[in-house]
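# Tertiary structure, described
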Amino acid sequence: RRSESIDKAESTRRSGFLRHLSIRPRMYTFGTITGLASFLTQFAPYACGFCHLEVVGEPWMSNLGPAIASLQTLKHLKLWDCGLPIVQVLPTMSSHLTSASISARWHNILQLLQRSCETLQSLTCLQGRLVGHKIEYPRVHRLSLDNTEMPDMVDLVHSFPGLRVLIVSDILDMDHRT
């Protein structure tokens with residue numbers, strides 16, 4: 001029986017049964033969030049084909065951070081309104097992303113995603129910053145900035161030498177705040 005169980009688990013692990021997971025709040029309680037974090041942590045070893053995670057939530061969803069960081073096969077990540085505890089795990093992620101859509105109010109997105117600087121191809125930045133650091137993302141060809149602090153053009157060109165598409169809406173000019 002035990003070997004049957006192990007064979008089933010190994011078969012599931014190889015098949016990559018789940019590719020996309022979306023976590024969105026309704027009336028989550030702390031117990032629900034803890035359960036989701038536990039699920040992701042237990043799921044990680046079997047996630048060979050799992051490549052897309054979307055988390056749209058409240059700032060108190062902090063238990064999910066370490067679970068997200070432990071996933072190794074993510075390629076596409078969307079984090080919106082998740083708060084500081086989740087955003088802070090981005091630099092420690094095991095996965096190397098090809099696309100990211102991040103809402104990280106007033107955080108430097110380039111610094112947060114630095115582990116994926118060689119693999120990232122598409123980036124959407126909502127309520128974040130792309131400033132100051134000389135981190136190069138040579139494969140990024142599509143960049144979308146929405147409600148984001150206006151980046152320095154020299155830094156932008158340096159950071160994204162392969163940029164082909166730039167979508168800009170609601171840029172905040174931090175030099176002219178009142």
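Residues numbered from 1 in each chain as written. Predicted model: local features only at pLDDT ≥ 70, side-chain atom pairs only at ≥ 80, totals over all residues. Heavy atoms only, no water.

A word on the confidence of the model for the protein chain. Averaged over every residue, the pLDDT of the protein chain is 76; the share at 70 or more is 66%. Here residues 2-8 scores under 50 on pLDDT; set against residues more than four positions off or in separate chains, the count is 0 contacts. (pLDDT = per-residue confidence, 0-100. Contact = heavy atoms within 4.5 Å.)

This part is about the nonpolar core. Ranked by size, the top nonpolar core spans 36 residues in total, and within it Leu-53 and Leu-113 carry the most contacts. The dominant element in this core, judged by the number of residues it contributes, is helix α5 (residues 109-112), at 3 residues. The contact partners of Leu-53, leaving out residues within four places of it in the chain, are Leu-21, Ile-23, Ile-68, Leu-71, Leu-74, His-76, Leu-77 and Lys-78. (Core = buried A, V, L, I, M, F, W, Y, C linked by side-chain atoms within 4.5 Å. Buried < 20%, exposed > 50% of the residue type's maximum accessible area, 1.4 Å probe, protein only. Helix = DSSP H or I, 4+ residues; strand = E, 2+ residues; numbered from the N terminus.)

Within the structure shown, the criterion is met by 1 aromatic pair. When the ring centre of Trp-80 is taken as reference, the NZ or CZ atom of Lys-78 above it lies at 4.2 Å. (Phe/Tyr/Trp six-rings, centres within 6.5 Å; stacked < 30°, edge-to-face > 60°. Lys NZ or Arg CZ within 6 Å of the ring centre and 35° of its normal.)

Moving on, we get to the side chain of Ser-95. Note that Ser-95 resides in the loop between α4 (84-87) and β4 (99-103). Reaching out from Ser-95, the side chain makes a polar contact with the backbone oxygen of Gln-72 at a distance of 3.4 Å. Among the polar contacts made by the side chain of Ser-95, one reaches the main-chain amide nitrogen of Thr-73 at a distance of 3.4 Å. With near-sequence residues (within four places) excluded, Ser-95 lies in contact with Leu-71, Gln-72, Thr-73, Leu-74 and Ser-116. (Polar contact = N/O pair within 3.5 Å; in protein donor to acceptor, adjacent residues only side chain to side chain.)

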